Each structure stands twice: as structure tokens, then as C-alpha cells.
Amino acid sequence: MTTSYDIAVIAGDGIGPEVTTEALKVADAAAEAYGFSLVKNEYDLGTERWLKTGDIFPDADFEDVKGHNAIYLGAIGDPRAPVGLIEYGIIAKCRFDLDLYINLRPIKLYDERMCPLKDKGPKDIDMLIIRENTEDAYAGMHGFVHKGQPLEVATQTMVYTREGVERPIRYAFEAARARNKNKQVTLIDKANAVRAQDIWTRVFAEVAEEYPDISTDHAYIDAACMWMVKNPEWFDVAVTPNLFGDIITDLGAMLQGGMGIAASGNLHPGQVSLFEPIHGSAPKHAGKNVASPVAAIMASSMMLDYLGQKEAGKAIETAVSELLISGELKGVKTGEQPCNEVGDLVANAVRASVAKA
């Protein structure tokens, strides 16, 4: 009997539907080649629906989505909606209501021509950033006093719980052990200035004692940004609070070739989790078949890996890497290659790699 996985698909706004189509085309090719299937259920969620009905993520849809093995998200955001309204109503709702406490961001360079750093290549840029995903300044504890007046006051509270800190730290140590690369975990924080982050320092040290085979390092966020550019080879696995993780992972994306190749997973290990490219919805490019789907394809690779189909996920990653190095895949920037052509190239490469095996 063929193993089957139920995938909730939220293509979303702008270029989201186009890149999602190509990503799932590739995922289907890998599924066919490795003997499993993906049952895709599409949800009409995004700015267009909100404009027509006022709905963002109705409870009935959310309850249905929760019953899937994984969620695949294309892109969310549209200038016709208030800033953050749709993003918070869909992405943040999934993160908080599904307790997706790990934001997993691989930063891996496949072709040195894509790297903006001088004399750095694939051997130097291969790291995994573990970003805490449900606390910190993103917990939603904010407010305004005297709004719109000259003496207006705005506040937002950073929140850290013992459990919320320990979960990503422990995940990072397990990831370093599984990667078996440098077997090192770096804590990135700003505990010298943001004193509440001392909880990260203490919990990190306590958890590290349980992993004597893993070495540890520490960097304040400003220094970490500097070292990531100067010596990216120093990093294996890093773990960081939510806000700093949001920033440093985009820096990492540029080291690997830009937003057009970077993908992420929003995880609650063992439960339904969400996978997405990290780029925006780029409404001005929507419907033109010019957006690169590479990041979306890489997100599908991460999804298959999470579902336990590691060979299939790796086949997608290898296909993208080999196509970039050979030049058949011209790049990951908008307009370099038709969106559907890239999807076909990668899907065919996945099939061909399995046929050779």
C-alpha cells in the first residue's frame, strides 16, 4: 500500500500561486519516483478572499488545516490590505495556534557564483539557524497611550519562558548531533544589554551539559552579523531568540544567493508543521511567469524531509544544486528564467536521478 500524506496548500497572494504550482510539481515528481503520494487540499486564503468576504482564516478552515500532515504556504501580503493584517492572520495564527516553536532556516551555498563574499564557497557556507518562533517581541504584548498625540507612547514587551527557551536550544543540540558536521552550537543573543535574555544564557549552559559530544560557542547579535560575513565557516548550528533570528536569517539568505533560494520550516516536531519560501509576494510580478520558484521548491524539499521522506527531499536539493552548477538553472532572480520552465527542469532532474540509481 502506497504511503500518502495530506498537504494543506495555501498559495496566498502575488506570486504565491505560481511558485507553489512549481514547488508541488517537483514534490509530486519526487513522490512518484520514491513511491509515495501527496494528497493536496487547496485553501482559498489571502488578500483576495479578505477583500471579497472579510474573512482571513475562518475557524472551520483552520480546524480542517490542523488535520493535515503538513501545510505548504506560497506567499502572503498585498498592499491593498493594512500592513501586517493578512500576514498576522495567517502565518502568525499558524505559528501561535499550532505552537510552531521552531523556525528552521538552512543556509547553504550551492554555487560560489551566487555568493557576494570574496573567496567564500560552498565549503564555507553550510549552517543551520534555529530561531525561536513563538515568544520574544512577537508575542503580541503591545499597546499605545495617547495614540496620535504629540506625547504618544508605544510599548512592546519581550517575553521569554523557561519552556519556550529550552525547546529551541535542545532542538539545536539534537540538530548538531544529527548533522555531524562541526558538532557545534552557537548561542546568539544580546544578554549584555537585553538583560532578560540571561535566561537564554543559563538554559543554554544547562542543556549543553547533557551533550558532551557537542561543543558550544556564543556571540552577541551584532558580533554574530559581523562574523557571519567575515567568517561564515565558523558556524554550524546556531540558536537565537525570535527577533534576532528574524534578522540574522535574512543576512544568511544573502550569503547563499538571496531570497530567491532561501526556504524555511515552521515546526512543532511530530505535529503538523508549515513550510514556505521566505520571499515576499511581489504583487508587481504576479501572473507574469517571471518569479523564480527555487525557494519554493527548496521549501518542498524541507517538507518531504520532515515527513520522513528524506531521500526524496535530498533528491530535490541535489537536483537544484546540480542544475545551478551546470548552468541549466540560470539563477534565482526574478526574470532570469520562466517560472514554469524552472519547475519542469527540477522535476525532470529528480526523475532522471532516480532512473540512474
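Note that the structure is a prediction, hence the values are computed from the model and not measured.

## Some remarks on the pairing of strand β5 (residues 126-132)
Item 1. Most of β5 is tucked away, with seven of its seven residues classed as buried.
Item 2. Burial along β5 is two-sided: D126, L128, I130 and E132 and M127, I129 and R131, pointing in opposite directions, are all buried.
Item 3. Pairing geometry for strand β4 (residues 102-108) and β5, over seven bridges, is antiparallel. Residue pairing in the sheet places I102 in a bridge with E132 of β5.
Item 4. With four bridges joining them, β5 and strand β10 (residues 237-240) adopt parallel strand pairing. In the sheet register, I130 faces β10, and the bridge partner there is V239.

## Notes on the pattern of salt bridges
Item 1. Evaluation of the coordinates by the stated rule reveals 29 salt bridges.
Item 2. The residue R80 makes a salt bridge to D78 at a minimum N-O spacing of 3.0 Å.
Item 3. The exposure class assigned to D78 is buried, which follows from its relative accessible area of 15%.
Item 4. K108 is paired through a salt bridge with E317; the nearest N and O atoms lie 3.3 Å apart. Linking K108 in strand β4 with E317 in helix α10 (residues 310-326), this pair joins segments that are 209 residues apart in sequence.
Item 5. We classify K108 as partly exposed; its relative accessible area is 24%.
Item 6. Overall, the relative accessible area of 14% leaves E317 in the buried class.

## Brief notes about the nonpolar core
One recurring pattern in soluble globular proteins: nonpolar side chains tend to sit buried together.
Item 1. Membership of the largest hydrophobic core comes to 88 residues, with the highest contact counts inside it found for I7, I169, F173, V185, V239, L304 and V346.
Item 2. Counting 20 residues, the second-largest nonpolar core is a separate cluster that includes V65, I76, C94 and L274.

## With respect to unusual backbone geometry
Item 1. Phi is positive for D99, which is not a glycine, with a value near 55°.
Item 2. Here D99 shows up in the loop between α4 (85-97) and β4.
Item 3. Non-glycine residue K183 carries a positive phi angle of around 50°.
Item 4. When you line up the elements, K183 lands in the loop between α5 (162-179) and β8 (184-189).
Item 5. Judged by relative accessible area, which is 24%, K183 ranks as partly exposed.

## A word on the packing of helix α1 (residues 16-34) against α10
Item 1. At a closest axis distance of 9 Å, the pairing of α1 and α10 adopts a crossing angle of 130°. It follows from the interaxial angle that α1 and α10 lie oblique. As for how α1 packs across α10, the hand of that crossing is right-handed. Of the residues in α10, those touching α1 at V26, A27, A30 and Y34 are E311, A312, A315 and I316.
Item 2. Taken together, the residues that form the contact of α1 with α10 break down as seven nonpolar, no polar and one charged.

## Structural notes on the packing of helix α9 (residues 294-306) against α10
Item 1. Packing of α9 against α10 brings their axes to within 7 Å, and their N-to-C directions diverge by 160°. Classed by the angle they form, the pair α9 and α10 counts as roughly antiparallel. Regarding α9 and α10, the two cross each other, and that crossing is left-handed. Here α9 contributes V294, I297, M298, S300, S301, L304 and D305 to the contact with α10, which in turn contributes K310, A312, G313, I316, E317 and V320.
Item 2. Across the contact of α9 with α10, the residue classes tally to seven nonpolar, three polar and three charged.

## Focus on the environment of G327
Item 1. Within the element layout of this structure, G327 appears in the loop between α10 and α11 (339-356).
Item 2. Residues G327 and M302, 25 residues apart in the sequence, show an inter-C-alpha distance of 23 Å.

## Describing the packing of aromatic side chains
Item 1. According to the stated counting rule, one finds seven aromatic pairs in the structure shown.
Item 2. Ring plane angle 55° and centroid distance 5.5 Å describe the contact between F275 and Y306, whose orientation is recorded as tilted. Separated by 31 residues along the polypeptide, F275 in strand β12 (residues 273-277) and Y306 in helix α9 bring together distant segments of the chain.
Item 3. Each residue in the set F173, F204 and Y211 is aromatic and connected to the rest through ring pairs, giving one cluster.
Item 4. Over the aromatic face of F62 sits the side chain of K93, whose NZ or CZ is 4.5 Å from the ring centroid.
Item 5. Its end group placed over the ring of Y101, R167 keeps NZ or CZ at 3.9 Å from the ring centre.

## With respect to the sheet that holds β4
Item 1. Here 10 strands make up an open sheet; going across it, the order is β2-β1-β3-β12-β11-β4-β5-β10-β8-β9 and the pairing mixed. Two strands in the sheet have a free side with no partner beyond their single neighbour: β2 (36-42) and β9 (215-220). In this sheet, neighbouring strand axes are inclined to one another by 25° on average, regardless of whether the strands run parallel or antiparallel.
Item 2. Alignment of β8 against β9, held across six bridges, turns out to be parallel. Bridging from a neighbouring strand, I188 pairs with A219 of β9.
Item 3. Along the sheet face, helix α6 (residues 198-208) touches β5, β8, β9 and β10 and points at about 170° away from the line of β8.

Parameters at a glance
- Residues numbered from 1 in each chain as written.
- Predicted model: local features only at pLDDT ≥ 70, side-chain atom pairs only at ≥ 80, totals over all residues.
- Heavy atoms only, no water.
- Buried < 20%, exposed > 50% of the residue type's maximum accessible area, 1.4 Å probe, protein only.
- Helix = DSSP H or I, 4+ residues; strand = E, 2+ residues; numbered from the N terminus.
- Pairing = 2+ DSSP bridges.
- Salt bridge = Lys/Arg side-chain N within 4 Å of Asp/Glu carboxyl O.
- Core = buried A, V, L, I, M, F, W, Y, C linked by side-chain atoms within 4.5 Å.
- Axes fitted to C-alpha atoms, helices over the stretch in contact; angles between N-to-C directions.
- Parallel < 35°, antiparallel > 145°, perpendicular 65-115°, else oblique.
- Left-handed = near helix turned anticlockwise from the far one by under 90°.
- Contact = heavy atoms within 4.5 Å.
- Nonpolar A, V, L, I, M, F, W, Y, C, P; charged D, E, K, R; others polar.
- Phe/Tyr/Trp six-rings, centres within 6.5 Å; stacked < 30°, edge-to-face > 60°.
- Lys NZ or Arg CZ within 6 Å of the ring centre and 35° of its normal.

Keep in mind these numbers describe shape, not what the thing actually does.
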